[in-house]
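Report on the structure
The residues making up each chain are set out below.
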Amino acid sequence: MSDALAEARSVLDAVDAGDVAAAVESSPIFLTRWRALADQLHLVDPWWAAHHDALAHHAERAAGLIDGDALVHWNIRADNVVLTPDRTVLVDWGQAGRGAAWMDHAMLALDCSMSGRETSTAELANADPILRDRDSADLLALAAAAAMSFVSRSTEPAPQSLPTLPATSAPWADAFRPYLAEALAEVG
């Protein structure tokens, strides 16, 4: 899959993304949404309270990591990838934006945790040439912001337009815990 992203990158880099909205502008999960968890720690598993300050320290960096001028898919996850016998097709470009070129690789790595794939976030990060060369604290920052946002969302009433959002958010957040625990132990 990393190969398909690298192949797409060569095409995307040829596109002028100047008029495309910045991904960071449509990313409350990475910008501010994670901050709400601080007021909801009494409602969640104690693991989140015990690790809140360390996770928040890393999540604070997420917004700065997203920003960039490259055209990015911004919604890379297992259900937006179609595997055929002779190629890999990336579908659902509705959230495409302008951001850091490495973000699609990061989104795929984060999806490894969220979707429960056999390959873990850390394993994909170590195998992907783009992520392998980045500071491991960068992926931790994105994962911390996303997980904290999901935990927070799981404690709130469901929006009328997305009635299953809290119920979906809780398992996504819990799926991040093994990676977060490992990454916090490594990075601090």
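Preceding this section is the structure that the text describes.
A short tour of the structure in this document, coming up. (Residues numbered from 1 in each chain as written. Predicted model: local features only at pLDDT ≥ 70, side-chain atom pairs only at ≥ 80, totals over all residues. Heavy atoms only, no water.)

1. Quick look at the overall build of the protein chain
Secondary structure assignment for the protein chain yields nine helices and four strands. Traced from its N-terminal end to its C-terminal end, the protein chain shows the element sequence α-α-α-α-β-β-β-β-α-α-α-α-α. The C-alpha radius of gyration computed for the protein chain amounts to 16 Å, which stays within 12% of the reference 16 Å derived for 188 residues, consistent with globular compactness. Expressed along its principal axes, the backbone C-alpha trace of the protein chain runs to roughly 50 × 40 × 35 Å. Residue burial in the protein chain is summarised as follows: out of 188 residues, 45% are buried. Summed over its atoms, the accessible surface of the protein chain is roughly 9400 Å², and 53% of this surface lies on carbon and sulfur atoms. Put simply, the protein chain has 12 plus and 27 minus side-chain charges, and the middle of one group is 2 Å from the middle of the other. (Helix = DSSP H or I, 4+ residues; strand = E, 2+ residues; numbered from the N terminus. Rg over C-alpha atoms; globule rule 2.2 N^0.38 Å. Buried < 20%, exposed > 50% of the residue type's maximum accessible area, 1.4 Å probe, protein only. Areas by Shrake-Rupley, 256 points an atom, 1.4 Å probe, with all protein chains shown as cover. Lys, Arg positive; Asp, Glu negative; His and termini not counted. Charge placed at Lys NZ, Arg CZ, Asp CG, Glu CD.)

2. Here we look at empty space enclosed by the protein
On inspection of all chains with the given rule, the structure shows one cavity of 30 Å³ or more. In this structure, the largest cavity spans a volume of roughly 30 Å³. Taken together, Leu5, Ala8, Arg9, Leu12, Ala101, Asp104 and His105 make up the lining of the largest cavity. Listed by contribution, the elements that provide at least two residues to the lining of the largest cavity are helix H1 (2-12) and helix H5 (103-114). (1 Å grid on protein atoms, 1.4 Å probe; cavity = no way out; pocket = protein on both sides within 12 Å on 5 of 7 lines; lining within 4 Å. Points joined across faces, edges and corners; volume = space filled by probe spheres on them.)

3. Considerations on the side chain of asparagine 75
Relative to the helices and strands, asparagine 75 resides in the loop between strand S1 (70-72) and strand S2 (81-83). In this structure the side chain of asparagine 75 is engaged in a polar contact, spanning 3.1 Å, whose partner is the side chain of arginine 77. Excluding residues within four positions of it along the chain, asparagine 75 makes contact with Asn80, Asp92 and Gln95. (Polar contact = N/O pair within 3.5 Å; in protein donor to acceptor, adjacent residues only side chain to side chain. Contact = heavy atoms within 4.5 Å.)

4. Side note on unusual backbone geometry
Residue tryptophan 74 is not a glycine yet carries a positive backbone phi of 70°. Its place among the elements puts tryptophan 74 in the loop between S1 and S2. Residue aspartate 92 is not a glycine yet carries a positive backbone phi of 65°. Residue position: aspartate 92 is located in the loop between strand S3 (88-90) and strand S4 (97-99). Since its relative accessible area comes to 38%, aspartate 92 is described here as partly exposed.

5. Considerations on the layout of surface pockets
Here the largest pocket is characterised by a volume of approximately 930 Å³. Together, 33 residues line the largest pocket, and Ile29, Arg77, Gln95, Phe150 and Trp172 are the ones closest to its centre. Mapped by element, the contributors of at least two residues to the lining of the largest pocket are helix H2 (28-31), H5, helix H8 (136-154) and helix H9 (165-187). In terms of residue count, H9 provides more of the lining of the largest pocket than any other element does, five residues in total. Its residues placed into classes, the lining of the largest pocket shows 19 nonpolar, ten polar and four charged. (Nonpolar A, V, L, I, M, F, W, Y, C, P; charged D, E, K, R; others polar.)

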